[in-house]
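Secondary and tertiary structure notes
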Amino acid sequence: MKNPEGRDCEAEQTQCCVVGGGPAGMMLGLLLARAGVRVTVLEKHRDFLRDFRGDTVHPSTLRLLDELGLGERFARLPAGHLEQMRIQVGGTTVVMADFRRLRGPHRHIAMVPQWDFLDLLAAAAAEEPSFDLRMCSEVTGLRTGSGRVTGVRYRDVDGVERELAAPLTVGCDGRWSVVRRAAGLRSIDFELPMDVWQVRAAKADGATDGEVFGRFGGGRAAVTMDRGDYYQTAYLIPKGRDEALRAQDISVFRAQLAELFGWSEEQLEPVRSWDDVKLLRTEMNRLRRWYGEGVLCIGDAAHVMSPVGGVGVNIAVQDAVAAARFLAEPLRRGHVPTSVLAKIQRRRSLPVVVAQQSQRGEHEMLLRPALDGTLDERKLPVLLRLLRRFPALRGLTGYIGGIGIRPERAPAFARRSPARVS
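Residues numbered from 1 in each chain as written. Predicted model: local features only at pLDDT ≥ 70, side-chain atom pairs only at ≥ 80, totals over all residues. Heavy atoms only, no water.

We now examine the packing of helix α1 (residues 23–34) against helix α8 (residues 312–333). Where α1 contacts α8, the two axes come as close as 8 Å, and the packing angle between them is 30°. Taken together, the axis directions place α1 and α8 in an arrangement best described as roughly parallel. When the axes of α1 and α8 are compared, the crossing they make is right-handed. Note on element contacts: α8 touches α1 through Val-313, Ala-316, Val-317, Ala-320, Val-321, Ala-323, Ala-324, Leu-327, Ala-328 and Leu-331, opposite Pro-23, Ala-24, Met-27, Leu-28, Leu-31 and Leu-32. When its residues are assigned to classes, the contact of α1 with α8 shows 16 nonpolar, no polar and no charged. (Axes fitted to C-alpha atoms, helices over the stretch in contact; angles between N-to-C directions. Helix = DSSP H or I, 4+ residues; strand = E, 2+ residues; numbered from the N terminus. Parallel < 35°, antiparallel > 145°, perpendicular 65-115°, else oblique. Left-handed = near helix turned anticlockwise from the far one by under 90°. Contact = heavy atoms within 4.5 Å. Nonpolar A, V, L, I, M, F, W, Y, C, P; charged D, E, K, R; others polar.)

The subject of this paragraph is the layout of surface pockets. Here the idea is plain: a probe the size of a water molecule rolls over the atoms and shows the empty space left. Roughly 230 Å³ of internal volume is contained in the second largest pocket. Around the second largest pocket, the lining residues are Pro-59, Arg-63, Arg-101, Leu-102, Arg-103, Gly-104, Pro-105, His-106, Gly-395, Tyr-399, Ile-403 and Pro-407. Counting residues per element, the ones that place at least two in the lining of the second largest pocket are α2 (59–67) and α11 (392–402). Residues belonging to the lining of the second largest pocket are distributed by class as follows: six nonpolar, three polar and three charged. (1 Å grid on protein atoms, 1.4 Å probe; cavity = no way out; pocket = protein on both sides within 12 Å on 5 of 7 lines; lining within 4 Å. Points joined across faces, edges and corners; volume = space filled by probe spheres on them.)

Read from one edge of the open sheet, six strands run β9-β3-β2-β13-β22-β21, paired in mixed fashion. Two strands close off the open sheet at either side, each with one partner strand: β9 (131–134) and β21 (291–292). Note: β21 against strand β22 (residues 295–297), two bridges, orientation antiparallel. For Tyr-291, the partnering residue across the bridge sits in β22 and is Leu-296. (Pairing = 2+ DSSP bridges.)

This part covers the packing of helix α10 (residues 382–389) against α11. Between α10 and α11, the shortest axis-to-axis distance is 6 Å and the interhelical angle comes to 120°. With respect to α11, the element α10 is oriented oblique. On the side of α10, the interface is formed by Leu-386, Leu-387 and Arg-388, while α11 contributes Leu-393, Arg-394 and Thr-397. Class assignment for the residues of the contact of α10 with α11 results in three nonpolar, one polar and two charged.

On to the nonpolar core, then. One recurring pattern in soluble globular proteins: nonpolar side chains tend to sit buried together. Of all hydrophobic cores here, the largest spans 80 residues; its most connected members are Met-27, Leu-32 and Leu-327. For this core, the element with the highest residue contribution is α8, accounting for 11 residues. Setting aside residues no more than four positions away along its own chain, Leu-32 makes contact with Cys-16, Val-37, Val-39, Ala-324, Leu-327, Ala-328 and Leu-331. Within the second largest apolar cluster, 23 residues are counted, among which are Phe-216, Leu-236, Leu-367 and Leu-387. (Core = buried A, V, L, I, M, F, W, Y, C linked by side-chain atoms within 4.5 Å. Buried < 20%, exposed > 50% of the residue type's maximum accessible area, 1.4 Å probe, protein only.)

We now examine the packing of aromatic side chains. Tallying each qualifying case throughout the model produces 10 aromatic pairs. Centroid distance Phe-74 to Phe-117: 6.3 Å. Interplanar angle 90°. Geometry classified as edge-to-face. Of this pair, Phe-74 sits in helix α3 (residues 71–75) while Phe-117 is found in helix α4 (residues 114–126), placing the two residues 43 residues apart along the sequence. Across the pair, Phe-117 and Phe-74 agree in class, each one buried. For the ring pair Tyr-235 and Phe-253, a centre distance of 4.9 Å and an interplane angle of 80° mean the geometry is edge-to-face. Of this pair, Tyr-235 sits in strand β18 (residues 230–238) while Phe-253 sits in helix α7 (residues 250–261), placing them 18 residues apart in sequence. Both residues of the pair, Tyr-235 and Phe-253, belong to the buried class. In textbook terms, an aromatic cluster arises when at least three aromatic residues are bridged by ring pairs, as seen for Trp-197, Tyr-235, Phe-253 and Trp-274. For the cation-ring pair, Arg-200 lies above Tyr-230, with the distance from its terminal atom to the ring centre recorded as 4.4 Å. A cation over a ring is seen here: Arg-289 above Tyr-291, with NZ or CZ 5.1 Å from the ring centre. (Phe/Tyr/Trp six-rings, centres within 6.5 Å; stacked < 30°, edge-to-face > 60°. Lys NZ or Arg CZ within 6 Å of the ring centre and 35° of its normal.)

What follows is about the pairing of strand β15 (residues 194–202). Taken residue by residue, a regular strand's side chains alternate between the two faces of the sheet. Among the nine residues in β15, seven count as buried, and that is most of the element. As paired elements, β15 and β18 share nine bridges and run antiparallel to each other. Paired with Val-199 across the strands is Thr-233, a residue of β18. Judged from the three bridges that link them, β15 and strand β19 (residues 278–280) form a sheet pairing that is antiparallel.

This brings us to the pairing of strand β13 (residues 168–171). By the alternation rule, side chains of β13 split into Leu-168 and Val-170 and Thr-169 and Gly-171, which are all buried. Both strand β2 (residues 16–19) and β13 contribute to a ladder of four bridges, which runs parallel. Note that in β13 the partner of Cys-16 across the bridge is Leu-168. Pairing between β13 and β22: three bridges, direction parallel. Each residue of the ladder has a partner; that of Thr-169, found in β22, is Val-295.

Residues Val-382, Leu-386 and Phe-390 make up a contiguous nonpolar surface patch of about 250 Å² in total accessible area. In this fold, Val-382 is placed in helix α10. (Patch = residues over 30% accessible without salt bridge, like charges linked within 9 Å, V, L, I, M, F, W, Y side chains within 5 Å. Areas by Shrake-Rupley, 256 points an atom, 1.4 Å probe, with all protein chains shown as cover. Salt bridge = Lys/Arg side-chain N within 4 Å of Asp/Glu carboxyl O.)

Set out below in structure tokens:
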């Protein structure tokens, strides 16, 4: 590689290069730094401020933050508490999950803007001398040599092309992962019935704080989340229908929202034109193999989740904890055998498969019928009828959604008391 003056220059060195500063990348960077590993996180954006990101922090992640000594810091962030997940089919309300039935101090999902959560992790990681976060650093490809990945090529804040050498590169760069693509890792892809329009609506005076609720009826489906002074709303549309539906006047969509949620004209004022309606093209897939020689993918880079249930952030964080536990000692020695990377995938595959199967079941049980107009409150799906009849089942669904299968605990090397991190 050439430097700006055209002369050859050597690549910089680190022990672990983490690509992407999302929940998986920042958590992995923090944990490895606490293990004494020199870790460099490359994030292509200037900050963490992004609209319409997953803002739910689940009970298992809240417990993890306590174990890391960050619980008190997190508690100071502006947050709503979701104790029940409710949907309404026509005029019938169903409690889909009741987190109040969980054991432990965190019987809720915390709704915190993701940028605040990431800023908290970044601040904690910055206290570790072996941690390096580089913003405005966009990875453009992988370095390779002797049949293995040896680091990355990236463009820095000044647009200068650079290289970073590392025994291990971890892709945490989301559903459009550069690392995944450059490493040639192949995925299993699943069909989804919907894409999502993301919009904002103003809160009415006297509205209950911290709510997340879904509305289904008349061939329409939407879920909205309380974000303080407005509702962040995901309105579902049939897969691939965005362009055709936008041919309508925006007033048609506003009327649909008003009918579905009972919102007033004043609340819908933020939806002035189609420019205010952001499209999320949904995907669901998972890699057949998460790793190669010198490279590993976790989080969305390894398995893109459906938006259903908002579990993507929680699973990504759990991936990072498991990865850090397996990787810390090999990285300190300077070599990570492929067998260790395989152990990480084996550890995390079951939670991912179970979560995706659950999401696919909800697509077929609820979302597809809602969108094609066949969902009928007079003949609810069996699971919804059972949840209405047997409240204890809501605790089980709360556990599956809030804690998950095979939850991870903070490794001993990463635990801190609050006094040490305040």
